[in-house]
Amino acid sequence: MDEDMLEDQRRLVELIESEGWDVTDLEISAYDSPWADEDDPEATVTITARKPYESEGDDGDGEDDDDENPYRLK
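In this text the structure is predicted, and so the values were computed from the model without any measurement. (Residues numbered from 1 in each chain as written. Predicted model: local features only at pLDDT ≥ 70, side-chain atom pairs only at ≥ 80, totals over all residues. Heavy atoms only, no water.)

Participant: So what's going on with the overall build of the chain? Residues and values would help.
Facilitator: Across its full length, the chain carries 1 helix and 2 strands. Ordered by position from the N terminus, the helices and strands of the chain form the series α-β-β. Taking the contacts inside the chain whose residues are at least 6 apart along the sequence as the reference set, 41% of them involve residues at least 24 apart. Carbon and sulfur atoms make up 44% of the accessible area of the chain, which amounts to about 6800 Å² in all. (Helix = DSSP H or I, 4+ residues; strand = E, 2+ residues; numbered from the N terminus. Contact = heavy atoms within 4.5 Å. Areas by Shrake-Rupley, 256 points an atom, 1.4 Å probe, with all protein chains shown as cover.)

Here it is, written out as structure tokens:
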């Protein structure tokens, strides 16, 4: 795999993490484009990231006080 592709991948991860996201999975695929007549490879990057958001009135204990779901363990 081309070093330029790996450097771009690292830069994308750094940008996402700088916005407060936690990257949980990353996949990069390099291939020769079937659509171009050039010999230059192309790449796709798939990034999975998570970022928790607090809702209004969230007391941080992870429990919804208004939830009367009979299947939820308390």
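Participant: Provide a residue-level description of a nonpolar patch on the surface, including the pertinent values.
Facilitator: On the surface, a nonpolar cluster with roughly 230 Å² of combined accessible area is contributed by Leu12, Leu15 and Val45. As for its position among the elements, leucine 15 is in helix 1 (residues 3-18). (Patch = residues over 30% accessible without salt bridge, like charges linked within 9 Å, V, L, I, M, F, W, Y side chains within 5 Å. Salt bridge = Lys/Arg side-chain N within 4 Å of Asp/Glu carboxyl O.)

Participant: Please set out the pattern of salt bridges residue by residue, giving values where relevant.
Facilitator: Tallied over the entire structure, the rule returns 3 salt bridges. Note that glutamate 7 is salt-bridged to arginine 10, the shortest N-O span being 3.1 Å. Note that glutamate 7 and arginine 10 are positioned in helix 1 at a spacing of 3 residues, about one turn of the helix. Residue arginine 10 is classed as partly exposed on the basis of its relative accessible area of 41%. A salt bridge links aspartate 8 to arginine 11; the nearest nitrogen and oxygen atoms lie 3.1 Å apart. With a gap of 3 residues between them, aspartate 8 and arginine 11 both fall in helix 1, about one helical turn apart. Residue classification places aspartate 8 among the partly exposed positions, given a relative accessible area of 38%. (Buried < 20%, exposed > 50% of the residue type's maximum accessible area, 1.4 Å probe, protein only.)

Participant: Any chance you could break down a negative patch on the surface for me, citing the residues and the numbers?
Facilitator: There is a patch of like negative charges on the surface, built from Asp32, Asp39, Asp40 and Glu42. Relative to the elements of secondary structure, aspartate 32 occurs in strand 1 (residues 22-32). (Lys, Arg positive; Asp, Glu negative; His and termini not counted. Charge placed at Lys NZ, Arg CZ, Asp CG, Glu CD.)

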